[in-house]
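Each chain, written out:
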Amino acid sequence: MRPGTGTMNTAITGLQWGDEGKGKIVDLMTSDHDVVVRYNGGANAGHTVVVGEETYALHLMPSGILSPDIQCVIGNGVVIDPTKLLEEIDSLESRGINTNQRLFISDRAHVVLDYHKMLDGALEEFLAGGRSGASIGTTRRGIGPAYADKVLRAPAIRVGDLRYPDVLEERVRIACDLHGEQLASLGWSERPDPEKLIATCRDWGARLGDRIIDTTYFLHDAVKAGKRLLFEGANACLLDVDHGTYPFVTSSNCSALGIPAGTGLPAATVDRVIGIMKAYSTRVGAGPFPTELDNAIGEQIRERGREYGTTTGRPRRCGWLDLVAVRYAAMLCGTTSIACMLLDVLFGLDEVKICTAYRLPDGSTTDRFIPDAHRLSGVEPIYERLPGWDGELDFDGAREQLPDGARRYLDFIEKYLEVPIEVVSVGPERTQTLMASTI
Ligand code: IMP
């Protein structure tokens, strides 16, 4: 809280491998804020928000767009596929949600083009061919190749470039030459067409128009004016390129650590960090997952939790809650409170298990996470077993008492993490939520 202003800026960040339900919490928290800011990732993310009878699946658009008085910012740390973003804008507008003068896009965010998606597919196929276990299982949305161009510099195209034909043309030609060679050497049949891409980019520049601004100054001005910011993390902490289960990660800093670099605001701007966790674990794509359940309970969690990707429709891998992983993520993100999502999915099990430590291949144990895929894949989870709880969940407005077993489960998590659980979610609706005062 900034002294004398009463202003509270909040970060929402996923503490597992994504799909924790961040969209719902952002939506719930939005009314306490003025500006919702995306700072990382791209159309690989999928945030589902249910408002009354309406369900919205958002990928690039900040979830705050569903609240009419909120301004939304896509910061410089995001990689934007304008085709997808314009589709989202059109779809929202056709459902009566105005995005004009409410959505602002950083001129320094990077653009995802067709060749990034081709390269994403080509690299995945290359890694899969004869190299079992090497492909990442990406969303093939071009995320990794777009961030790679950003770091390479010469072939990168930023959103601001869309409005400068000369810069744009030169960069698209460099990128098409370079990536054409790469695609050929990877045995990929498609090639980018520079003329078509240049025309498309100009069209995007015109359509995005005055939404493209210097969002860094915009955000600093907002802070100075006492506006309250809500930072909406995409993907999640254990997929962070520096701190996740490398190399089975995405290509951005998707923990709360990505906020300063991805927005241009100093880290101290963030007053509180709400870490979002599921009551169990899921993962999409490849990579180590110590508590994975390849059995009927895993299947039950998948079906009850509707654990299929919002972006790709892939079935998610499901498993018991891994608190070693969540505690690590909460530590990294400076988490000040927790929202525990999808607790309803665990109702009706005889017993529930929580991983509290790992056994290493040499027989020793540790309660510290191992952010390295090779070493993490060799651990065995050590579980605490808790009795399950019954049965039918019938929340009317989600203000009923939770069963004893569910409360014990939450108490255990809170004690282990040493961070208070302030929100418990038992269904997709806004109303199916227990906030701190009621739990
Ligand atoms: P990429 O981000 O498409 O490069 O994919 C890299 C890895 O991150 C893959 O395992 C994806 O399944 C995973 N991933 C990326 N974004 C999300 C997300 O929002 N939720 C869950 N997994 C994700």
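Note that the structure is a prediction, hence the values are computed from the model and not measured.

Caption draft 1: The arrangement of the overall build of the protein in detail. Within the protein, the regular secondary structure consists of 12 helices and 20 strands. In terms of C-alpha radius of gyration, the protein reaches 22 Å, essentially the compact-globule figure of 22 Å for 439 residues. Its C-alpha atoms give the protein principal-axis dimensions of roughly 65 × 55 × 40 Å. Going through the 439 residues of the protein one by one, you find that 54% of them count as buried. Put simply, of all contacts in the protein between residues at least 6 apart along the chain, 76% involve residues at least 24 apart. When the accessible area of the protein is evaluated, it comes to approximately 18,100 Å², of which 49% is carbon and sulfur surface.

Caption draft 2: Structural view of helix α9 (residues 296-304). Among all positions of α9, only G298, I301 and R302 are buried. Projected onto a plane normal to the axis of α9, the buried residues spread over an arc of 100° and lie on a single side. With a side-chain oxygen positioned 3.1 Å from the backbone nitrogen of I297, the residue opening α9 is N295. Just beyond α9, the residue with positive phi is R306, at close to 50°.

Caption draft 3: The arrangement of the packing of aromatic side chains in detail. Going through the model one piece at a time under the given rule, you end up with 6 aromatic pairs. Between F104 and F218 the ring centres are 4.8 Å apart and the planes differ by 35°, which places this aromatic pair in the tilted class. Taken together, the residues F104 in strand β7 (residues 103-106) and F218 in helix α7 (residues 215-224) connect sequence positions 114 residues apart. Between W389 and Y409, the aromatic rings sit 5.5 Å apart at their centres with planes inclined by 55°, giving tilted as the arrangement. Of this pair, W389 sits in the loop between β18 (380-387) and α12 (404-417) while Y409 sits in helix α12, placing them 20 residues apart in sequence.

Caption draft 4: Region of interest: the domain arrangement of the protein. When the domains of the protein are assigned, the result is domain 1 (10-101 + 215-438) and domain 2 (110-209). For domain 1 versus domain 2, the separation of C-alpha centres amounts to 29 Å. At the junction of the two partners, domain 1 supplies 29 residues and domain 2 supplies 21 residues. Summing both sides of the interface, domain 1 and domain 2 together bury roughly 2,000 Å²; the carbon and sulfur share of this comes to 59%. It is V79, P82 and L86 that lose the most area in domain 1 upon contact with domain 2, and together they represent 28% of the buried surface on that side. The interface formed by domain 1 and domain 2 holds 2 salt bridges in total.

Caption draft 5: Structural detail: the site of the ligand. In the neighbourhood of the ligand, 16 residues make up the surrounding shell, with N44, T139, N235, T250 and R314 lying closest. The side chain of N44 places a nitrogen or oxygen atom 2.8 Å from an oxygen atom of the ligand. Between an oxygen atom of the ligand and a side-chain N or O atom of T250, the distance comes to 2.5 Å. Considering the ligand on its own, with 470 Å² of exposed area, one finds that the protein chains cover 96% of that surface. Counting only domains with at least three residues in the shell around the ligand, you end up with domain 1 (10-101 + 215-438) and domain 2 (110-209).

Caption draft 6: Structural context of the nonpolar core. In terms of nonpolar packing, the biggest core is built from 118 residues, with L343, Y409 and I413 touching the most fellow members. Top element by residues in this core is helix α10 (residues 323-333). It accounts for 9 residues. Looking at this core, you find at least three residues from each of domain 1 (10-101 + 215-438) and domain 2 (110-209). With 5 residues, the next largest nonpolar core counts V79, I143, A146 and Y147 among its residues.

Caption draft 7: Local environment of the environment of L186. Summarising the element assignment, L186 is placed in the loop between α5 (165-185) and α6 (194-208). The partly exposed category is assigned to L186, whose relative accessible area is 22%. When the C-alpha atoms of L186 and I136 are compared, they prove to be 16 Å apart, with 50 residues separating the residues in sequence.

Caption draft 8: View of the packing of helix α3 (residues 114-128) against α5. It is at 10 Å that the axes of α3 and α5 come closest, and there the two elements cross at 20°. One way to sum up the angle between α3 and α5 is to call them roughly parallel. Crossing of α3 over α5 shows left-handed handedness. From α3, Y115, M118, L119 and A122 reach across to α5, where they touch A175, C176, H179, Q182 and L183. Here the residues of the contact of α3 with α5 are counted per class, giving 7 nonpolar, 2 polar and no charged.

Rules behind the numbers
- Residues numbered from 1 in each chain as written.
- Predicted model: local features only at pLDDT ≥ 70, side-chain atom pairs only at ≥ 80, totals over all residues.
- Heavy atoms only, no water.
- Helix = DSSP H or I, 4+ residues; strand = E, 2+ residues; numbered from the N terminus.
- Rg over C-alpha atoms; globule rule 2.2 N^0.38 Å.
- Buried < 20%, exposed > 50% of the residue type's maximum accessible area, 1.4 Å probe, protein only.
- Contact = heavy atoms within 4.5 Å.
- Areas by Shrake-Rupley, 256 points an atom, 1.4 Å probe, with all protein chains shown as cover.
- Arc of directions from axis to C-beta.
- Polar contact = N/O pair within 3.5 Å; in protein donor to acceptor, adjacent residues only side chain to side chain.
- Phe/Tyr/Trp six-rings, centres within 6.5 Å; stacked < 30°, edge-to-face > 60°.
- Domains from an automatic or database assignment.
- Buried area = accessible area lost by both parts, 1.4 Å probe.
- Salt bridge = Lys/Arg side-chain N within 4 Å of Asp/Glu carboxyl O.
- Near = heavy atom within 4 Å.
- Core = buried A, V, L, I, M, F, W, Y, C linked by side-chain atoms within 4.5 Å.
- Axes fitted to C-alpha atoms, helices over the stretch in contact; angles between N-to-C directions.
- Parallel < 35°, antiparallel > 145°, perpendicular 65-115°, else oblique.
- Left-handed = near helix turned anticlockwise from the far one by under 90°.
- Nonpolar A, V, L, I, M, F, W, Y, C, P; charged D, E, K, R; others polar.

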